[in-house]
Amino acid sequence: METSDPMVKKKSDRAPTNAPVVWKVLAIVFILISVALMIALIVVATKKSKSDREPAENSKGDHVIQVQNCENGMDGLAEPPKSSGLFDDLTIEEITAVRAYLMEQASLNLTEPAEASVDSNYIYMIQFLPPSKNEALEYLDNNGAKPERKAVAVVFHGAANPPLVREYIVSPVSKPTGHVARKIPGGEKDFVTFNARPFDTRMRVIMTYVVHYASAKLDKLMKESYDGFSFTGCKSPKCLGIGFTSPMGFTAEDRISWINFKRDMTGHLDLSMLVDFGGVDTKKWKILKVLYNNQTFDSVDELAAKYENNTINKIFVPAPKGKDALFSSYQRRRDPQPPTPMRGPEQYEPDGKRYTVNGRHVSYMSWSFDFRMDSNSGMQIYDIKFNGGRIVYELSLQEAAATYTGYYPAASWNNFLDGGWGMGAYSMELVRGVDCPYSATFFDLVHMFEKPTTVRNAVCVFELNTGMPLRRHYDNNFYNGYKFYGGMTNQVLVLRSVATLYNYDYVFDFLFYQNGVIEVKMSASGYVYGAFYDSNMDPYAYPLHKDFTSGTHDHLINYKVDLDIGGRKNSFETIEIGIENV
């Protein structure tokens, strides 16, 4: 076919193309390169897998361990440990069941706590009762029967004659069917006297009422002596608070305490009342003595009359102002450091957690243990094993005591036993990143004082690099070189709770080292227990701020340690070192 179209003519004159052949060649080359890359990747992966399992060598020929990345941390236990539930605190459901059972017992004649008065019978507290050691080990070691879960309930029998306090063992906690009065160890007695009972809400309410009634007569004295501050009918921010000495009496029959007035935690004043709170008849509670400006009076009326008649020595204690008002507060008083905001060092877990948690059972390296929180005394750890062998059956906090001195009774009468104020129950929520690292594992606690209460994040566990080597040695050849260096980082597992008991914050730590060492540690924070300062306090205390001090005092922390190293039949002895003349 002929045509005069030049484009058609050009197309028809083009030589035949080799494009299909070129594309085939390129495809073959691409396939060969892909196969080569695949083989290379397999080789590299194989070598990496081998290097993860075997030590490598650096340029000096030293062995260097290669660690495989494990971002999710260690796997938990496939099955719950045998100790699961053996030492766990009561659940809300168990507490509710125990409480309902006791309320149904006509012989106890119980009143709902919300409706109870001092002269009523009511439940003060319910918590878990750990099994006896014999029962627990028979189950754990000899495949015996698992001990039945039991609860202990504290009941104030204010309606009894005479009034008293009893503890009742209730079981089983899931569906209670029986209860029995718990006997005091070492005797047949199954009660304590009523005046020796712990402080509770009902006493606080009536005690505050007694103080309000009395302080109304001292309103003029308070406002003139304390820069406008008062107690009864006060207007914020010029309201006084109260504190009280502990114990409330020095025998089991007494229940007396000095009530002292204060502006805040560090604003204690020189006005106190000695009050008798004995017995269940609150109409008989009375003020025995009043102390004002180092002068003692037999009644509030006597002090009020003599103050009005100007027959006593008066005092004026000004309220702190300006920067003084921020003394000992948690408000920043100076420029931040460093001047330019910068984040501090953080702890992190590059390969995830190296410990596992199953309920209240914790495993770490060669360690394993179970823990619970006693509402009164605090942390209790059971069945502590290292390398599979039990070395401690029980390691538990028992008591924290603080004994004070001072010239004035508001300071000198204090001999605190903090277990009676609920070290476990007042182990409050921990702040992530301050009280514990961000990466820590947190546990909730359940307590029952009048009603079940859940405290979130009250216990934490975390692994800590202490920043010190656990062991190390640099073998010096004394010629500017060395034969070898060996060292091991000191990483420990920390179990922590913080009990806040009015002014003090006790940080309780249990540390588990990789070499088999267990350390218990208490760090105190918060505020010192304050007292009014004047020259009379000089032999007993140092001034901490204007009109403020804290009497010289000691802290004593008591732990129970039941060692089972090499079995239960072991002994403990001390060695005294003497001097020998040679």
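Presented here is an overview of the structure given in this document.

Rules behind the numbers
Residues numbered from 1 in each chain as written. Predicted model: local features only at pLDDT ≥ 70, side-chain atom pairs only at ≥ 80, totals over all residues. Heavy atoms only, no water. Pairing = 2+ DSSP bridges. Helix = DSSP H or I, 4+ residues; strand = E, 2+ residues; numbered from the N terminus. Buried < 20%, exposed > 50% of the residue type's maximum accessible area, 1.4 Å probe, protein only. Arc of directions from axis to C-beta. Contact = heavy atoms within 4.5 Å. Disulfide = S-S within 2.5 Å. Salt bridge = Lys/Arg side-chain N within 4 Å of Asp/Glu carboxyl O.

### Quick word on the sheet that holds strand E25 (residues 543-545)
Right, on to step 1. Here we have three strands laid out as an open sheet, ordered E24-E26-E25, and antiparallel in their pairing. Looking at strand neighbours, the two that pair on one side only are strand E24 (531-532) and E25, the edges of this open sheet.
Right, on to step 2. Bridge count between E25 and strand E26 (residues 548-549): two bridges; the pairing is antiparallel. Pairing of Pro543 across the sheet is with Thr549, part of E26.

### Looking at helix H4 (residues 133-142)
Right, on to step 1. Along H4, the positions that sit buried rather than exposed are Lys133, Ala136, Leu137, Tyr139 and Leu140. The arc enclosing the buried residues of H4, seen along the axis, measures out at 160 degrees, which places them on a common side.
Right, on to step 2. On its buried face, H4 sits against strand E16 (378-386), strand E17 (389-404) and strand E27 (553-563).
Right, on to step 3. In the segment just after H4, Asn143 is the residue with positive phi, at about 60 degrees.

### Overview of the state of the cysteines
Right, on to step 1. This structure, assessed with the given rule, holds two disulfides.
Right, on to step 2. In this model Cys436 forms its disulfide with Cys460; the gap between the sulfur atoms is 2.1 Å. One quick way to see it: the torsion about the S-S bond of Cys436 and Cys460 is about -85 degrees, and its sign makes the bridge left-handed. With Cys436 in the loop between strand E18 (415-417) and strand E19 (441-449) and Cys460 in strand E20 (residues 451-476), this residue pair connects regions lying 24 residues apart in the sequence. Cys460 carries the same exposure label as Cys436, and that label is buried.

### Side note on the pattern of salt bridges
Right, on to step 1. All told, the structure shown has 25 salt bridges when counted by the stated rule.
Right, on to step 2. Here Lys321 ties to Asp227 by a salt bridge, and the two come within 2.9 Å at their closest N and O atoms. Taken together, the residues span a long stretch of sequence, with Lys321 in the loop between helix H7 (300-308) and strand E13 (355-358) and Asp227 in the loop between helix H6 (219-225) and strand E8 (241-244) at a distance of 94 residues.
Right, on to step 3. With a relative accessible area of 55%, Lys321 lands in the exposed category.
Right, on to step 4. Taking the relative accessible area as the measure of exposure, Asp227 reaches 16% and is therefore buried.
Right, on to step 5. Here Arg354 ties to Glu463 by a salt bridge, and the two come within 2.5 Å at their closest N and O atoms. Of the two residues, Arg354 is situated in the loop between H7 and E13 and Glu463 in strand E20; the sequence distance between them amounts to 109 residues.
Right, on to step 6. Accessibility expressed as a relative area gives 31% for Arg354, which makes it partly exposed.

### Examining the environment of Gly481
Right, on to step 1. Here Gly481 is to be found in the loop between E20 and strand E21 (482-501).
Right, on to step 2. For Gly481, the residues in contact, after removing those within four places along its chain, are Tyr474 and Asn476.

### Some thoughts on the pairing of E19
Right, on to step 1. As defined by bridge partners, E19 adjoins E20 across eight bridges and the pair is classed as antiparallel. Each bridged residue has a counterpart across the sheet, and for Phe443 the counterpart in E20 is Val459.

### Brief notes about the environment of Pro409
Right, on to step 1. Looking at where Pro409 falls in the secondary structure, it is placed in helix H8 (residues 409-412).
Right, on to step 2. As for Pro409 and Trp258, which are separated by 151 residues in sequence, their C-alpha atoms are 7.1 Å apart.
Right, on to step 3. Those residues within four positions of Pro409 in sequence are excluded, and the remaining contacts are Thr245, Trp258 and Leu291.

### Regarding the side chain of His157
Right, on to step 1. Within the fold, His157 resides in strand E4 (residues 150-157).
Right, on to step 2. Accessibility expressed as a relative area gives 6% for His157, which makes it buried.
Right, on to step 3. Apart from the residues within four sequence positions on either side, His157 is in contact with Leu108, Ser120, Asn121, Pro163, Leu164, Arg166, Tyr168 and Phe194.

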